[in-house]
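Residue strings, one per chain:
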Amino acid sequence: MSKCSDVYGYGLSIYKYPKFHPKFTPNCRAFCIGVRPGRNYDSDWDKAAKKKETDGKDEVLFEDGCIIGFDTEYQNLAAVLEANNEDVSVEANKEKQNLYLSYQFNAKWKGKEWSGIGYPAEGERLSLADFLSWVVSTSPFSKDGKVVCPNQFVLVCHFSRADLPSFSDFYTKRFKSRLMAIRKTFITGTKGAPLPIPLNVNGRRKMTKVCIRDTLLLAPSDAKKLEDIGVMIGVPKVTKVTKTHKEKMIGLMKSDFALFEEYALKDAEIARKFAEEVIRISTSKGGKPTIPLTLTSLGISFVKAVWTFFLMASFFLSLSLIASLKFNLLPLEIPKYNSLTFSLFNRL
């Protein structure tokens, strides 16, 4: 490890600015202060894989987890290489399908929010443990080289099939064995099967768990696009970026770097805030603070809650009738079901 890494912490193959930017220097590399991936990464995955069938009997709760809206900007590598872009090496990227230009996140934990964007070195990709180390080390809970790390992370993205492959360990068997494929996207299960990620926090080993959710599976059928979801929760997507821009994101980075960053960070913000809205809806009807796999799962939970209510109402009504007939008492008042519960139908 270089002297620079010894001074600043664990170095990542990601920078504050892309290589072409005027402010780019080798020293603008991102460093994780007080946290880094755990050493026994492979062995931990192997142990977790053996426990997969029995581990996680209880439903995953997100009330104390760090919610991270995650997004990447990328461009189809074939198109980039065909254009002979001078900033891209053919040899370094020829086995990959997409050229990932940036990683960005919008996180919230214990009421505090923070965000970040970074640019990977040419041909490099972060591991999931690298990414989490980066997020934790930049949090408001980090001070003077000491960090406070959550026990659980909830990684939320829109169409995970495009973003999860940006992690260097995604294609390993141990990673993909923990995922479920639903409607051409990847998520972790509701019960069990979280991704075990060991981190080294303040010099001590800490095992964390990562759950993955996809906003595409949670959105109504008429609002599957991220811009539609943004409008629904009051966080509009940046509209200045056109379809032409999206096809040539490298060009947008060079021509309007500020717009590129605004667009990239907004997507991560929408994903995180939509996940929070789903949790709010789940808890408002008396449910647990969870993010279901799909919108259908949330609807089923709602129906069960309604059934439970009417069973209780029938029970109270029966008691009321018996009491009034046998003891000549006033009928018991049947509890009213919160109208907020029925508002969930507006989301289905």
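Residues numbered from 1 in each chain as written. Predicted model: local features only at pLDDT ≥ 70, side-chain atom pairs only at ≥ 80, totals over all residues. Heavy atoms only, no water.

Chemist: Is there a simple way to think about the sheet that holds strand 4 (residues 66-76) in this case?
Modeler: Where strands meet in a sheet, backbone hydrogen bonds hold them as pairs that are either parallel or antiparallel. Spatially, the nine strands line up as an open sheet ordered 2-1-6-5-4-7-11-10-3, and their pairing is mixed. Single-partner strands in this sheet number two, and they are strand 2 (29-32) and strand 3 (35-37). For this sheet, the mean angle separating the axes of adjacent strands, direction not counted, is 35 degrees. Where strand 3 lies against strand 10 (residues 195-201), three bridges are found, and the strand directions are antiparallel. If you follow Val35 over to strand 10, its bridge partner there is Val201. Packing against the sheet, helix 5 (residues 128-137) makes contact with strand 1 (10-15), strand 2, strand 3, strand 4, strand 5 (98-109), strand 6 (112-120), strand 7 (152-157), strand 10 and strand 11 (204-214), and its axis sits at approximately 175 degrees to strand 3. The strands touched by helix 12 (residues 257-284) within the sheet are strand 4, strand 5, strand 6 and strand 7, with strand 4 carrying the most contacts at an inclination of about 140 degrees. (Pairing = 2+ DSSP bridges. Helix = DSSP H or I, 4+ residues; strand = E, 2+ residues; numbered from the N terminus. Axes fitted to C-alpha atoms, helices over the stretch in contact; angles between N-to-C directions. Contact = heavy atoms within 4.5 Å.)

Chemist: Looking at this structure, how should I read unusual backbone geometry?
Modeler: Among all residues save glycine, negative phi is the norm, and among peptide bonds the norm is trans. Its identity is not glycine, yet Lys110 carries a phi of approximately 55 degrees, on the positive side. Along the polypeptide, Lys110 turns up in the loop between strand 5 and strand 6. Judged by its relative accessible area of 56%, Lys110 falls in the exposed class. Although it is not a glycine, Arg183 adopts a positive phi angle of roughly 50 degrees. The topology assignment puts Arg183 in the loop between strand 8 (180-182) and strand 9 (185-187). A relative accessible area of 52% places Arg183 in the exposed class. (Buried < 20%, exposed > 50% of the residue type's maximum accessible area, 1.4 Å probe, protein only.)

Chemist: Which parts of the structure should I look at to understand the pattern of salt bridges?
Modeler: Any two side chains of opposite charge can pair, on the condition that their charged atoms come close. For the structure on display, the rule yields seven salt bridges. Residues Glu276 and Arg272 are paired through a salt bridge, measuring 2.6 Å at the closest nitrogen-oxygen approach. Of this pair, Glu276 and Arg272 both sit in helix 12, four residues apart, which is roughly one turn of the helix. A residue is classified by how much of its surface remains accessible, and Glu276, at 23% relative accessible area, is partly exposed. The network of salt bridges with shared partners includes Lys108, Glu113, Arg272 and Glu276. (Salt bridge = Lys/Arg side-chain N within 4 Å of Asp/Glu carboxyl O.)

Chemist: Is there a simple way to think about the environment of Lys248 in this case?
Modeler: Relative to the elements of secondary structure, Lys248 occurs in the loop between helix 10 (243-247) and helix 11 (249-255). Judged by its relative accessible area of 56%, Lys248 falls in the exposed class. Counting along the chain gives 174 residues from Lys248 to Tyr74, while the straight-line C-alpha distance between them is 9.1 Å.

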